[in-house]
Amino acid sequence: MTSDPRPPPTETEAQRLGVRLACTLDNISDAFLMLDRQWRLTFINREAERLLQCKRAEVLGMNIWQRFPEAVGGPYYQAYHRAVATRSSVLFEEYYAPLDLWTEVRAYPSDEGLAIYFLDISTRKAQEAAFHKLAFFDRLTGLPNRQLLVDRVGQALERFRRSQYCGAVLFIDLDNFKSVNDARGHDKGDLLLQQVAGRLKESVRASDTVARFGGDEFVVLLEGVGESGEAAAQHAREVAGKILRAFDAPFDIEGVQHYSTPSVGVTIIDRSSGSTEEVLKRADLAMYQSKAAGRNTSTWFEAGMEQRVAARAALEADLRQALNEGRFELHYQPQCDLRQRMTGAEALLRWRHPQRGMVQPGEFIPLTEETGIIIPLGSWVLRTACAQLARWAAQPRTEGLRMAVNVSAQQFHRPDFVEQVLQALADTGANPGRLKLELTESLLLKDVEATIARMERLREVGVGFSLDDFGTGYSSLSYLHRLPLEQLKIDRSFIWDAGTGRHGKAIVHTIAGLGKALRIEVMAEGVETDAQLAMVEEGGCHLFQGYLYSKPLAPDALAAFIAQASLAGFHV
Ligand code: C2E
Ligand code: CA
Ligand code: CA
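Draft legend 1. Region of interest: the state of the cysteines. Using the criterion set out here, one finds 0 disulfides in the structure. Sulfur of Cys23: no disulfide; nearest cysteine sulfur belongs to Cys54 and is 19 Å away. Overall, Cys23 belongs to the partly exposed group, its relative accessible area being 43%.

Quick look at the structure:
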């Protein structure tokens, strides 16, 4: 200090310096304030006047908390007090609502008081918000997107790791969304997704997250729903129920009512939940189980689900390969009248698996339906059955036989189904009048008008229809007389029931009576014993199919059966 060569500034020099400093501070681009130790404003530059919307002459000497009372106790107040108390500078970003101003603030305490520099960062904040919206929100629905969801699940897991709290993740996938998109166009599909988003949001609390995960998939994150797994499960169950009910009412897609259902998978999350990825995978797996269980339902994640889903995936791959390698076969189960005269056969699928041997359709048809493999497979069945029909037509002894072919809902509701059948008939030269398609009740009840129109087009060329598994479906008989059916097929469970003395016998009676009234044939399926046959006959039913007459047979065995039947004196 003593070696400072400069002379002390004179009064005027000090004044001049002060003026120059004030001038400099006035012209810097940061806003600048100085407060004394009683929080009174001792200096305010031009930028600060502008941002705080006040005049220097009015505020100098005023206590800053009197001038900005809304700030008392808030973040600015606390930060400045902390700076003064700890004698260390503070740096922070904060929003001051009364002036709609985002600020970046640096404050330096000294013996005189506090020097505060601040910047208007509103534009940057708006840009950040816009970017955030683009990057983390789905544009179609306005919901958080996959990325934000993953982030929030991660944060929730982090919080649960430090507490007793539990939450839940619900994975929601719309059933048959693809068909809306395909049939009515993407813009209509978009409208549906927007409305679904709205209903999902109404099903949860504001503090929960509903995100669009992608396509027709949504994920709900329920946070802090309880301190025990049971409480969380209870809450999640309620929300899952609410979500399912939210789809009860139809959606209005530009004046057209559309019904949609969701499949929901639920998993509880807590401190032991593992990674975000694992949590989402579990909810997704549970959702797949809901699909497998017939959709429009919710399923809880359970251990072991991975294996089951993996097994399903393997089966699906197997099925596709089998289709490519021609490993499917059609077997034929003879049908006959009461005099045991063969009237035709039902074509039944079999899968010759390289390791598992012959696989029955009950084990693979449901999966082919869910995965859409039934479309090419069903088309193969039709062609193969029609080819057999054409071969029968070439032999006098078998020319009168009819062929029954099972048709799945997915197949039947394809827009080109009628053309597919006509094409199979044309390509094989089979007689349409000898082809009978077996449909189920649930298939027929979906969009009855369109179904009837479709049936009638095939009816015109002579194709017949049988109502399969009759009695097990919707039990709404009011539509029956409107359908161009030529046959009801009593489900085999009633035939078996009849033998045990339960109400099966009455049902056989009633259905046979119904058939008579409607003038359509009634066939009993699954007849295994003479007693059952007697009961069927007594009930007034004239056609049957069952092990009593024959099991389903491979083509060679069928040819032998027909030859033998005629040898034994049966008419074929
Ligand atoms: P379904 O249409 O009800 O076919 C009759 C089923 O009952 C056949 O089983 C047949 O083998 C069995 N059955 C017939 N008589 C008797 C009997 O006296 N006793 C017993 N215990 N069973 C009898 P299968 O072949 O296992 O077929 C099961 C189901 O798979 C069929 O039920 C049908 O819904 C479906 N399915 C079979 N082939 C096809 C196909 O080509 N396309 C489609 N979409 N579904 C098919
Ligand atoms: Ca059938
Ligand atoms: Ca049946």
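Now that the structure has been shown, we can carry on.
Draft legend 2. Up close: the sheet that holds strand E5 (residues 113–120). Spatially, the 5 strands line up as an open sheet ordered E2-E1-E5-E4-E3, and their pairing is antiparallel. Among the strands making up the open sheet, the edge pair consists of strand E2 (41–44) and strand E3 (90–96). For this sheet, the mean inter-axis angle between neighbouring strands, taken without regard to orientation, is 25°. Relative to E5, strand E4 (residues 101–109) runs antiparallel, the two sharing 7 bridges. Following the sheet pairing, Val105 is matched in E5 by Phe118. Across the face of the sheet, helix H5 (residues 75–86) comes into contact with E3, E4 and E5 while running at roughly 165° to E3. Most of the contacts of helix H6 (residues 122–136) go to E4, to which it runs at about 125°, and overall it touches E3, E4 and E5.

Draft legend 3. How the structure looks around helix H21 (residues 530–539). Listing the buried residues of H21 in full gives Gln532, Leu533, Met535, Val536 and Gly539. Projected down its long axis, H21 shows its buried positions confined to an angular sector of 160°, all on one face. For H21, the exposed residues set more than 90 degrees away from the buried face come down to Asp530, Ala531 and Glu538. Looking one or two residues past H21, Gly540 carries a phi angle of roughly 100°, positive in sign.

Draft legend 4. Region of the structure containing the coordination of the calcium ion (ligand 3). Taken together, Asp468 (OD), Asp469 (OD), Glu525 (OE) and Glu525 (OE) make up the protein donors of the calcium ion (ligand 3), found 2.2 to 2.7 Å from the metal. The two metals, the calcium ion (ligand 3) and the calcium ion (ligand 2), are separated by 4.0 Å and share Asp468 as a common coordinating residue. Here Glu525 lies in strand E20 (residues 521–525) and Asp469 lies in strand E18 (residues 464–470), a separation of 56 residues in the sequence. Using a relative accessible area of 25% as the deciding quantity, one classes Asp469 as partly exposed.

Draft legend 5. Molecular detail of the sheet that holds strand E6 (residues 166–174). Taken in spatial order, the 5 strands make up an open sheet running E7-E8-E6-E11-E12, and their pairing is mixed. Taken across any chain shown, the strands that pair with only one partner, and hence form the sheet edges, are strand E7 (209–214) and strand E12 (298–300). Strand-to-strand twist of the sheet, defined as the mean angle between neighbouring strand axes without regard to direction, takes the value 20°. Note: strand E11 (residues 262–269) against E12, 3 bridges, orientation parallel. In the sheet register, Val264 faces E12, and the bridge partner there is Ser298. Helix-sheet contacts for helix H9 (residues 186–202) involve E6, E7 and strand E8 (217–226), and the interaxial angle to E8 is about 10°. Contacts from helix H10 (residues 229–245) reach E6, E8, E11 and E12 within the one sheet, and its direction differs from that of E6 by about 25°.

Draft legend 6. Here's a closer look at the pairing of strand E13 (residues 328–337). A large share of E13 lies buried, amounting to 10 of its 10 residues. Across 9 bridges, the pairing between E13 and strand E14 (residues 342–353) is antiparallel. Bridge assignment links His331 to a residue of E14, and that residue is Leu348. If you look at the hairpin formed by E13 and E14, you'll find 4 residues sitting between the two strands, and Gln340 has a positive phi there, around 60°. In the sheet, E13 pairs with strand E21 (residues 543–545) via 2 bridges, with the strands oriented antiparallel.

Draft legend 7. Here's a closer look at the coordination of the calcium ion (ligand 2). For the calcium ion (ligand 2), the full set of protein donor atoms is Glu346 (OE), Asn406 (OD1), Glu438 (OE) and Asp468 (OD), and the range of their distances to it is 2.1 to 2.3 Å. Site description for the calcium ion (ligand 2): donor spacing in sequence, E-x59-N-x31-E-x29-D. Accessibility expressed as a relative area gives 5% for Glu346, which makes it buried.

Draft legend 8. Looking closely at the site of ligand 1. Close to ligand 1 lie 21 residues, the nearest being Arg350, Ser408, Arg492, Glu528 and Tyr547. Between ligand 1 and Tyr547 there is a distance of 2.8 Å, counted from an oxygen atom to a backbone nitrogen or oxygen. Compared with its free state, where it exposes 790 Å², ligand 1 has 86% of that area covered by protein. Among the elements of the structure, E14, E18 and helix H19 (492–499) are those that each provide at least two residues to the shell around ligand 1. Per-element tally for the shell around ligand 1: the top contributor is E14, with 4 residues.

Draft legend 9. Region of interest: the packing of helix H7 (residues 146–161) against helix H11 (residues 276–292). Axis separation between H7 and H11 bottoms out at 9 Å; the angle between their running directions is 110°. Viewed along their axes, H7 and H11 adopt a mutual orientation that is roughly perpendicular. Packed against H7, whose contacting residues are Leu149, Val150, Val153, Gly154 and Leu157, the element H11 presents Thr276, Val279 and Leu280 at the interface. Residue composition of the contact of H7 with H11, grouped by class: 6 nonpolar, 2 polar and no charged.

Draft legend 10. Up close: the environment of Glu521. Counting through the fold element by element, Glu521 comes out in strand E20. Of the residues examined, Glu521 reaches a relative accessible area of 31% and is grouped as partly exposed. In this structure, the C-alpha to C-alpha distance between Glu521 and Ala85, residues 436 residues apart in sequence, is 97 Å. When sequence neighbours within four positions are dropped, the list of residues in contact with Glu521 reads Arg402, Glu486, Gln487, Leu488 and Leu543. A polar side-chain atom of Glu521 sits 2.7 Å from a polar atom in the side chain of Gln487.

Draft legend 11. Region of interest: the pattern of salt bridges. Evaluated as defined, the whole model comprises 36 salt bridges. Residue Glu49 is joined to Arg56 by a salt bridge in which the shortest nitrogen-to-oxygen separation is 3.9 Å. The exposure class assigned to Glu49 is buried, which follows from its relative accessible area of 16%. Note on Arg56: relative accessible area 26%, which makes it partly exposed. With a shortest N-O distance of 3.7 Å, Glu525 and Lys489 are connected by a salt bridge. Of the two residues, Glu525 is situated in strand E20 and Lys489 in strand E19 (residues 487–490); the sequence distance between them amounts to 36 residues.

Here is what the cut-offs are and how they apply
Residues numbered from 1 in each chain as written. Chains lettered and ligands numbered in written order. Predicted model: local features only at pLDDT ≥ 70, side-chain atom pairs only at ≥ 80, totals over all residues. Heavy atoms only, no water. Disulfide = S-S within 2.5 Å. Buried < 20%, exposed > 50% of the residue type's maximum accessible area, 1.4 Å probe, protein only. Pairing = 2+ DSSP bridges. Helix = DSSP H or I, 4+ residues; strand = E, 2+ residues; numbered from the N terminus. Axes fitted to C-alpha atoms, helices over the stretch in contact; angles between N-to-C directions. Contact = heavy atoms within 4.5 Å. Arc of directions from axis to C-beta. Donors = N, O, S within 2.8 Å, 3.2 Å for Na, K, Ca; no water. Near = heavy atom within 4 Å. Polar contact = N/O pair within 3.5 Å; in protein donor to acceptor, adjacent residues only side chain to side chain. Areas by Shrake-Rupley, 256 points an atom, 1.4 Å probe, with all protein chains shown as cover. Parallel < 35°, antiparallel > 145°, perpendicular 65-115°, else oblique. Nonpolar A, V, L, I, M, F, W, Y, C, P; charged D, E, K, R; others polar. Salt bridge = Lys/Arg side-chain N within 4 Å of Asp/Glu carboxyl O.

Read these as layout, nothing more, since geometry by itself doesn't imply function.
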